[in-house]
Amino acid sequence: MFINYREIPVELLYYNALSARSELSRNEKYQMKILKKGFEGECLYDKIFEETGHSNVYIFRDVYLKVGNTVTQYDSIVITDNKVTVNEIKNFHGDYHYTKDDWYRNGTSLEDDAFAQLRRAKGKLMKLSKNSSVKFEVDAALIFINDDFRLTSENDGIWDKVIVRSHLRSYLHSLNNSQKGDKAKKIANIINNNKVNNIYFNEKADINRLRLGIYCGECKSFKQVKRRFHFTCSNCGTTETNETHFLRALSDHKFLFYNQPITKKSILYLINNQLTKSTLARFMNAHCNIEKRGRSSTHTFKYYDFNDALKTTAGRRYKNTIVKFE
Ligand SMILES: [Zn+2]
């Protein structure tokens, strides 16, 4: 049983918004590609878990846990009465070699040791068990989700921590071949109580490089013709409501300037005044949480991201007419 949704990671939403509003550098393009590939791998893991069944386990997806003074990210934590299993999902493709704590791809050594990362993640959960009233075993495995992945190593000690795609279904079956009773629930509660936000993300976009205005959700063109309740894209013909454009801009603002205050002024600036002040005020009341602080007030986006927000506005009077962009 999945306990939480797997949201698109903050880092990837930052690059999505940045790439819509500016030209990415080579390094930014590379980072975005890596993040996208990683997220696709995680979604594929979820899909396969969905197919093999997970009714006898609790699963946390993409969570940050604070144990002691450190915060650790987990791709997936599977909980049963008997044990907690950490799954780190790697969307590597090609031929890899592992020797003496180092990873090589086509003869080039890689910066990160996935086994060390897995060990640290496992260690933190063991510490959590030690510090709490409910004791639990912790197991851990690297999931290589891509079927175009091969690993060679002389180190025989690694193979019980390696799950390749062709073995994934039977592995997930075996995880689910268990029980989730009172103890599993207690463990899930302990883990839930240690959940924190991603503290590692600290990118902030340079406002001067951003293209201001509103853009098409389908083809990303900024050439928009204003109607009364809609904008129509001159490039592809898609029509989206004022509210949809507002929500996209608010989501962009959230991830481009993470943890920065959202104000009417900063949104109007980002959309280049393409909505009137009164329309904007109405939308902000509907879609932001407002916290008064003396004479000023701060706004926070009510939803995780644009897609999350769109779900709540489905069924409104004014609809989007999306022209599929091939
Ligand atoms: Zn368009």
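Residues numbered from 1 in each chain as written. Predicted model: local features only at pLDDT ≥ 70, side-chain atom pairs only at ≥ 80, totals over all residues. Heavy atoms only, no water.

Moving on, we come to the pairing of strand β15 (residues 296-301). Working note: regular strand, side chains alternate between the two faces of the sheet. As judged from the six bridges shared by strand β14 (residues 288-293) and β15, these two strands associate in the antiparallel manner. Residue Asn289 lies in a different strand from β15, and its bridge partner there is Thr300. In this structure, the hairpin formed by β14 and β15 is closed by a connection of two residues, where Gly294 is found at a positive phi of approximately 65°. (Pairing = 2+ DSSP bridges. Helix = DSSP H or I, 4+ residues; strand = E, 2+ residues; numbered from the N terminus.)

Accessible area lost upon the coming together of the parts is a frequently used measure of interface size. One can read the domain layout of the protein chain as domain 1 (10-196) and domain 2 (207-313). Taken together, the contacts link 12 residues of domain 1 with 15 residues of domain 2. For the pair domain 1 and domain 2, the summed buried surface comes to about 1200 Å²; carbon and sulfur atoms form 59% of the total. A per-residue breakdown of the area domain 1 buries against domain 2 is headed by Val10, Leu13 and Arg21, which together make up 58% of the total. Summed over the shared surface of domain 1 and domain 2, the result is two salt bridges. Grouping the constituent residues of the side of domain 1 that touches domain 2 by class yields seven nonpolar, two polar and three charged. (Domains from an automatic or database assignment. Contact = heavy atoms within 4.5 Å. Buried area = accessible area lost by both parts, 1.4 Å probe. Salt bridge = Lys/Arg side-chain N within 4 Å of Asp/Glu carboxyl O. Nonpolar A, V, L, I, M, F, W, Y, C, P; charged D, E, K, R; others polar.)

Moving on: the sheet that holds strand β5 (residues 102-105). Ordered by their spatial adjacency, four strands build an open sheet running β6-β5-β4-β8, and the pairing between neighbours is mixed. In this open sheet, the two edge strands, each paired with only one partner strand, are β6 (108-109) and β8 (149-153). Sheet topology places strand β4 (residues 94-99) next to β8; five bridges connect them, and they run parallel. Looking at the pairing, Gly94 lines up with Phe149 of β8.

This next bit is on the coordination of the zinc ion. Six octahedral donors around a metal ideally subtend angles of 90 or 180 degrees, whereas four tetrahedral donors ideally subtend 109.5 degrees. Within the protein, the zinc ion binds to Cys216 (SG), Cys219 (SG), Cys233 (SG) and Cys236 (SG); these donor distances fall in the range 2.3 Å. In this structure, the zinc ion is surrounded by four donor atoms whose angles at the metal cover 101 to 114°, and the resulting shape is tetrahedral. Within one chain, the residues donating to the zinc ion are spaced in sequence as C-x2-C-x13-C-x2-C. Of this pair, Cys216 sits in the loop between β10 (195-196) and β11 (224-226) while Cys236 sits in the loop between β12 (230-233) and β13 (239-241), and the two are 20 residues apart along the sequence. A single burial state applies to Cys216 and to Cys236, both of which are buried. (Donors = N, O, S within 2.8 Å, 3.2 Å for Na, K, Ca; no water. Tetrahedral: all angles 85-135°; square planar, octahedral: opposite > 155°, others 65-115°. Buried < 20%, exposed > 50% of the residue type's maximum accessible area, 1.4 Å probe, protein only.)

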